Every structure is written in C-alpha cells, then in structure tokens.
Amino acid sequence: MSLYLHIPFCHSKCAYCGFYSVANNSMRQDWLKAICTEIVTRKNELGEDYLHKTLYFGGGTPSMLNESEWRQIIDTLEDNYHISNSAERTLEANPEDITLENCNLWLELGFNRLSIGVQSLNDKALRSSNRRHSAAEARTAIESALKAGFRNIGVDFIIGLPDSEKSDIELAAKLLNELPITHVSLYILSIDEGSILYKRSLQGNFSPLSDDQEAELYKEYCQMIKSCGFDHYEISNFAKAGFQSQHNSAYWEQKPYIGFGAAAHSYDGSNIRRWNVANIKKYNEAWLMSEASPETAYEKELLNSSDLYNELIMTRLRTSNGIPLKILESTPFKEYWNSNRGALQKYIDRGAAKIENNSLILTEEGWLISDTIFTDLFY
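> Mind showing me how you'd approach empty space enclosed by the protein here?
The rolling of a water-molecule-sized probe over the atoms marks out the regions of remaining empty space. Tallying each qualifying case throughout the model produces 1 cavity of 30 Å³ or more. Roughly 30 Å³ of volume is contained in the largest cavity. Along the walls of the largest cavity sit Ile-159, Gly-160, Leu-189, Phe-206, Pro-208, Leu-209 and Glu-214, which together make up its complete lining. Broken down by class, the residue content of the lining of the largest cavity amounts to 5 nonpolar, 1 polar and 1 charged.

Structure follows, in structure tokens:
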C-alpha cells in the first residue's frame, strides 16, 4: 500500500509542463487545510490494517513548502496512517530549493529519497525551458543533499528540450560518473496541449525532434546511463542495484495506493480508480465549505475485466520483468490474451519482444514502439 500527495504549487511554470500546477499562492492556506481534511477523512478508505510501505510527494514543486506546512502535513499523515519504519519516503525537489538547511529538515521529517528535477545540464536549454536553476546549481544541490546525509538520490533528464545539443549526453555522463547518484529518470519531451512549448510550436517558434531523432537520442542516452552502472528496469527509469523506485514499481504492479490533493489519483488494488479534480479552487471548496461535499472533489471508474487486462499490458510491459505468462493465461485474462497473442510474433521476429523466464518482455527496441505494441495486444 502506498500514499501519494500532489503538491500543485510552483515558483513558475516550466515551458514543457503538462502536469497540473499553478504559479500562484493565493489559495495555498486553504489548500493546506483541505488536503489535511482529505487525509483524515480517507484514513479507513481501504481498511484500517494497511501498513504503508511508500510515501511520495510529487507535483508541482513539493520542495517549495515551508517548515510549518511540512510539519502540519506530515503530522496529519502519521496520526492517521500506519507508515512502515522502513518505508521509502520520496520528495520531488527542484535544485533551487535544495539547501543544507532544507535537506536537514526533510531528513528530520523522515524523507530518505530525493528525486531532483535536473532536466538538463545545458544552461541554454534550461533557460529556454523556463527552469530557475543553472547546471552548476543543479550539481551544487546534489552535493548539498549528499552532505546533509541523503544516500538515495535520483535525477531527471528530458530528451529534446529547446536548444539542447548532442553534447548534453556527455555532460550527463560526467555527472553520473562523478557523483553517487542512485537513480535516473529519462523522459522524451512531450508537447502537451496548453503548455508554453505547445503555444511556441503553433507560432512556429519551436520545432520538436522527429520520431527518428528521438529514438536515436533515447538509445544513446540509454547506453550511456547503463555504462555508468545503472540497470534499465523500466521504459524511463534506471537504478543502481537495490535502488529501484519502490513507489513507482507499486504503480506498475497494480498495487493499491491513495492519492491526496488536487489532481491526485488513487487505486484500490482491485477494480476502482479515482481521481481528484484538477482545480485547486473546486478542490478546496469541496472539502472546506460549511456544506462541504467531498464527493464533488473526485470522479471514479469501475474497471471491468477487459479494462484490467489492458492496464496489465500497459503497465507491466513497461518494466524489464514484463508479465509472467501464468498471469496472462489465468482467469479472467486468458480469453483476452488468446484473442490477441497472435499479434506478438511480428514483434518477437524484429527483436522488440521476447519470451524469457516464462514471461513476456519488451526489449529496449520494443519500448521505443511500446504504444503500438500495447494497442495490438489490447482487447
């Protein structure tokens, strides 16, 4: 069982961002009350005896919360949920917020893993993407976290940012070889509707990479990251031995989790998905008005067996472990698997998929065309 908290506030909007976030603090105090109310209200939603093995603060920019806000949220969580003493506790942080003082506070609050949004080590690309830090400041931030005592530190990189260059791979390799980073997330830039880059592309001021260019860069980055001692365990994720993200792995394995905050998602581990409204004002009103109506703060979906099969395909095949054949051949998935397994052979023939250790697994070549493979295997 896992807990996720979505912190929707940012200092400013990055040019590529398609996640729900706001660069406005006017509703922040009401939001703090609302999310604490949600945390308390939902404490027995999936039963009273769950031991929570991961806690993840994402966003937005969680690292911009102040000490008072942190203590109120953490105290509310620990008063209402059984969080394992050995739980993986992750905080997404931007380099500009990572100081020795903040790191000491986060460690005191129980965080033992940082996920740092480096994105690029090319200063021109960072400026073009509206990032608030430089490459040098990103390195200093990592060094501050290490000095404070963090030993599980992940970094994010994005392929295809405006003004990025081929030599950026060498800069990333230098960082990974010189600092004891334990995890890397590698994302291909997506142009989400409503983002700043989407508007620039419509105006002709930004041209994204072609599919072939993206694929080539992805393969080169993957090779470089693996050469630095990381295992490629999921489409976008690499880890040193023993440092795979436990929280994200729970998503890919369809384990239950509760998400708190505007735009957060939840899953009961069986057949119910739920997502909170992606609007702070509506979220606050649903939890705080005198005639509060929490049911207006979210929507939910009841998944049928074919939905669950499709989710299994889409999540498990993202990982290097793939899907055990015994799961695909079990009730209720056997019917759907038998209907579509014939589509698999052409991908095996081209080296995009394989049957290994009695599991269906996609190769790195398969991950590059995973959306197409998923569609062919969906019911």
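> Can you walk me through the sheet that holds strand S14 (residues 353-356) in this structure?
Backbone-to-backbone hydrogen bonds join strands into a sheet, with any given pair of strands oriented parallel or antiparallel. Strand order in the open sheet formed by 3 strands is S13-S15-S14, with antiparallel pairing between adjacent strands. Pairing within the sheet leaves two strands with one partner each, and these edge strands are strand S13 (323-324) and S14. In the sheet, S13 pairs with strand S15 (residues 359-362) via 2 bridges, with the strands oriented antiparallel. Note on S15: the bridge partner recorded for Ile-323 is Leu-360.

> Help me out: how do you make sense of the pattern of salt bridges in this one?
Pairing is possible between side chains of opposite charge, provided their charged atoms come close. Across all of its chains, the model carries 21 salt bridges by this definition. For the salt bridge of Glu-178 with Arg-139, the shortest nitrogen-to-oxygen distance reads 2.9 Å. Note that Glu-178 is positioned in helix H6 (residues 168-178) and Arg-139 in helix H5 (residues 135-148), a separation of 39 residues in sequence. Of the charged contacts, one joins Asp-376 and Lys-346 as a salt bridge, the two residues approaching to 3.4 Å between their closest N and O atoms. Placement of the pair is Asp-376 in helix H16 (residues 370-377) and Lys-346 in helix H14 (residues 345-349), with a sequence separation of 30 residues. The exposure class of Asp-376 is partly exposed, given its relative accessible area of 24%. Through salt bridges with shared partners, a single network forms among Glu-38, Arg-42, Glu-45 and Arg-274.

> When you look at the layout of surface pockets in this model, what are you seeing that I'm missing?
Estimated volume of the second largest pocket: approximately 200 Å³. If you trace the second largest pocket, you find 19 residues lining it, with Gly-160, Ser-164, Glu-165, Asp-168 and Leu-217 closest to the centre. Counting residues per element, the ones that place at least two in the lining of the second largest pocket are strand S5 (153-159), H6 and helix H8 (211-227). Sorting elements by how many residues they give to the lining of the second largest pocket places S5 first, with 3 residues.

> What is the right way to look at unusual backbone geometry in this model?
Glycine aside, residues mostly have negative phi, and peptide bonds are mostly found in the trans state. The omega torsion of the bond from Gly-59 to Gly-60 falls at 20°, within 30 degrees of zero and hence cis. Looking at where Gly-60 falls in the secondary structure, it is placed in the loop between strand S2 (52-59) and helix H2 (67-80). Cis geometry marks the peptide bond from Thr-331 to Pro-332, where omega comes out at 10°. Structurally, Pro-332 can be placed in the loop between helix H12 (325-328) and helix H13 (334-340). A positive phi is found at Gln-254, a non-glycine position, where the angle reads about 60°.

> Sorry, what's going on with helix H11 (residues 305-316) here?
Given 3.6 residues to a turn, an α-helix orients residues that are three or four positions apart in the same direction. The terminal C-alpha atoms of H11, which comprises 12 residues, lie 16 Å apart, in line with the 16 Å expected from a rise of 1.5 Å per residue. Among all positions of H11, only Ser-306, Tyr-309, Asn-310, Glu-311, Leu-312, Ile-313, Thr-315 and Arg-316 are buried. For H11, the elements touching its buried residues are helix H9 (246-252), strand S11 (272-276), S13, H12, H13 and H16.

> How should I be thinking about the packing of aromatic side chains in this particular structure?
The relation between two aromatic rings is expressed through the spacing of the ring centres and the mutual angle of the planes. Applying the stated criterion across every chain, the model contains 12 aromatic pairs. Here a set of aromatic residues connected by ring pairs shows up, and it is made of Tyr-309, Phe-333, Tyr-336 and Tyr-379. Above the plane of the ring of Tyr-267 lies Arg-273, whose end atom (NZ or CZ) is 4.0 Å from the centre. Here Arg-274 stacks its cationic end above the ring of Tyr-298, 3.5 Å away from the centre of that ring.

> Please clarify how the side chain of Ser-306 should be interpreted in this entry.
For Ser-306, the position within the fold is in helix H11. The exposure class of Ser-306 is buried, given its relative accessible area of 15%. A distance of 2.8 Å separates polar atoms of two side chains, one belonging to Ser-306 and the other to Asn-304. Other than its neighbours up to four places away in sequence, Ser-306 contacts Tyr-336 and Tyr-379.

Rules used in this analysis
Residues numbered from 1 in each chain as written. Predicted model: local features only at pLDDT ≥ 70, side-chain atom pairs only at ≥ 80, totals over all residues. Heavy atoms only, no water. 1 Å grid on protein atoms, 1.4 Å probe; cavity = no way out; pocket = protein on both sides within 12 Å on 5 of 7 lines; lining within 4 Å. Points joined across faces, edges and corners; volume = space filled by probe spheres on them. Nonpolar A, V, L, I, M, F, W, Y, C, P; charged D, E, K, R; others polar. Pairing = 2+ DSSP bridges. Helix = DSSP H or I, 4+ residues; strand = E, 2+ residues; numbered from the N terminus. Salt bridge = Lys/Arg side-chain N within 4 Å of Asp/Glu carboxyl O. Buried < 20%, exposed > 50% of the residue type's maximum accessible area, 1.4 Å probe, protein only. Expected span 1.5 Å × (residues − 1). Contact = heavy atoms within 4.5 Å. Phe/Tyr/Trp six-rings, centres within 6.5 Å; stacked < 30°, edge-to-face > 60°. Lys NZ or Arg CZ within 6 Å of the ring centre and 35° of its normal. Polar contact = N/O pair within 3.5 Å; in protein donor to acceptor, adjacent residues only side chain to side chain.

Treat this as a map of the structure, not an account of what it does.
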